[in-house]
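# Summary of the model geometry
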Amino acid sequence: MKKTCLKFLPVFLISIVCLIASIGFTGVNAHAENCDSASNDWPKLTFKADSEYGSIEGTTLYEFNEDCSITSNVNESTFKIFQFAVESKTTEINAVPIPGYAFDCWTRSDGKEFSASIYSDVEFTAHFKPGKRDPEMKNLDSRDAFFHVIDGSSCECHQVIFRKSNTELVVKSSNEDIATVSVIKTPQDQEAVLICGHNVGKATITVTSTGNDVYEEATKSFDVDVFGKVPLPVVHTTLKYNGASQVGIESSKYYTLKKATGIPFQEGVITEKGYEGTNIGVYAGYIDLKPGYYWEDNTSGSKYYEFRIVKGEE
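Residues numbered from 1 in each chain as written. Predicted model: local features only at pLDDT ≥ 70, side-chain atom pairs only at ≥ 80, totals over all residues. Heavy atoms only, no water.

### Things to note about the sheet that holds strand E21 (residues 274-277)
Strand order across the open sheet formed by three strands is E18-E21-E20, with antiparallel pairing between neighbours. Pairing within the sheet leaves two strands with one partner each, and these edge strands are strand E18 (246-250) and strand E20 (269-270). Direction of pairing for E20 relative to E21: antiparallel, over a ladder of two bridges. Counted as the bridge partner of Ile270 is Tyr275 from E21. (Pairing = 2+ DSSP bridges. Helix = DSSP H or I, 4+ residues; strand = E, 2+ residues; numbered from the N terminus.)

### Focus: the nonpolar core
With 16 residues, the main nonpolar core has Leu45, Phe47, Phe79, Ile81, Trp106, Phe124 and Ala126 as its most contacted residues. If you list the elements that add at least two residues to this core, you get strand E2 (44-49), strand E6 (78-83), strand E7 (89-97), strand E8 (101-108) and strand E9 (122-130). Take this core: its biggest share by element is four residues, from E9. (Core = buried A, V, L, I, M, F, W, Y, C linked by side-chain atoms within 4.5 Å. Buried < 20%, exposed > 50% of the residue type's maximum accessible area, 1.4 Å probe, protein only.)

### Description of the sheet that holds strand E17 (residues 238-240)
Pairing is mixed across the open sheet formed by four strands, whose spatial order is E17-E24-E22-E19. Each having just a single partner strand, E17 and strand E19 (255-260) make up the two edges of the open sheet. This sheet shows a mean twist of 30 degrees between the axes of neighbouring strands, independent of strand direction. Two elements, E19 and strand E22 (residues 281-289), share six bridges in a ladder whose sense is antiparallel. Counted as the bridge partner of Ala260 is Ala284 from E22. (Axes fitted to C-alpha atoms, helices over the stretch in contact; angles between N-to-C directions.)

### Overview of unusual backbone geometry
The omega torsion of the bond from Ile263 to Pro264 falls at 10 degrees, within 30 degrees of zero and hence cis. As for its placement among the helices and strands, Pro264 is situated in the loop between E19 and E20. Although it is not a glycine, Asn298 sits at a positive phi angle of roughly 70 degrees. Within the secondary structure, Asn298 is located in the loop between strand E23 (293-295) and strand E24 (303-310). By relative accessible area, Asn298 is classed as exposed at 56%.

### So, the packing of aromatic side chains
Applying the stated rule across the entire model yields 11 aromatic pairs. Between Phe103 and Trp106 the ring centres are 5.7 Å apart and the planes differ by 55 degrees, which places this aromatic pair in the tilted class. With respect to class, Phe103 is no different from Trp106; both count as buried. Ring geometry for Tyr255 and Trp295: centres 5.6 Å apart, planes at 45 degrees, overall tilted. Of this pair, Tyr255 sits in strand E19 while Trp295 sits in strand E23, and the two are 40 residues apart along the sequence. Per residue, the accessibility class of Tyr255 equals that of Trp295, and both read buried. Taken together through their ring pairs, the aromatic side chains of Phe47, Phe103, Trp106, Phe124 and Phe128 make up a single cluster. (Phe/Tyr/Trp six-rings, centres within 6.5 Å; stacked < 30°, edge-to-face > 60°.)

### With respect to the pattern of salt bridges
Scanning all chains against the criterion turns up five salt bridges. Across the pair Lys48 and Glu123 runs a salt bridge, and its minimum N-O distance is 3.6 Å. Of the two residues, Lys48 sits in strand E2 while Glu123 sits in strand E9, which places them 75 residues apart along the sequence. What makes Lys48 partly exposed here is its relative accessible area of 37%. Between Asp110 and Arg108 there is a salt bridge, with the nearest N and O atoms lying 2.7 Å from each other. Overall, Asp110 belongs to the partly exposed group, its relative accessible area being 32%. A relative accessible area of 7% places Arg108 in the buried class. (Salt bridge = Lys/Arg side-chain N within 4 Å of Asp/Glu carboxyl O.)

So this is what it looks like as structure tokens:
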């Protein structure tokens, strides 16, 4: 059977009328007085969805009691029943569409106009129509991307797959010095977000799928942390004494050097070149990474190294 939606102003009104000598009460917040409290002939309202494209949230059966009751402000998909009792009470029934569909209208089983007064049991049916859908961006929720760069001269790119929905992707990085983002096509003709890290730090990537007649606009954001992956320190473990200062542990802008002193170690000096020693003996030093970097062996803790200067004949 083809349904006919009842078209009225955006806010609809329905009055439940107490039957008193055939006198009915209608209107906004109309309160019927002198009701026959001994009567049990009160109308019942039932609610249902017309298809699998939506459902009813709330009660599907509303039974009036001896208190005179009215309904007011049935607005779009929300049906409100206001009941005068010892304590005023409002009951809401919602027509909830599934993703991809929208609420269309209500119809009533007695064929009357939606705003007509109710004297007997009535069934209200919620109808649904195709609506806009979620563009279904995938793999962007709760994802932190990690990138590994050295000197900003190279970057590892991370690809986040986007399920194609014939909408345009707009992408933005909060800090392009840290990370850049662009849109590419995959071999499967899907769109993907391509992100490159360039310098140590954090950036926020924002991906927006523009809406169209079928899909809603959607925006998702996630953080990327860019870390530097650095080689292990260069250490010259054995040097031959030549009377001049020699570098045992080379310096780097990625970490700081600290010398170990006291017996049995010789004490050298830390220069721009590294930890240097001159006299014969054993030298030791600690190396601590600067924030945002980790070693190529996937560790990030402090490193301890020793080097020694020996006699020339050794």
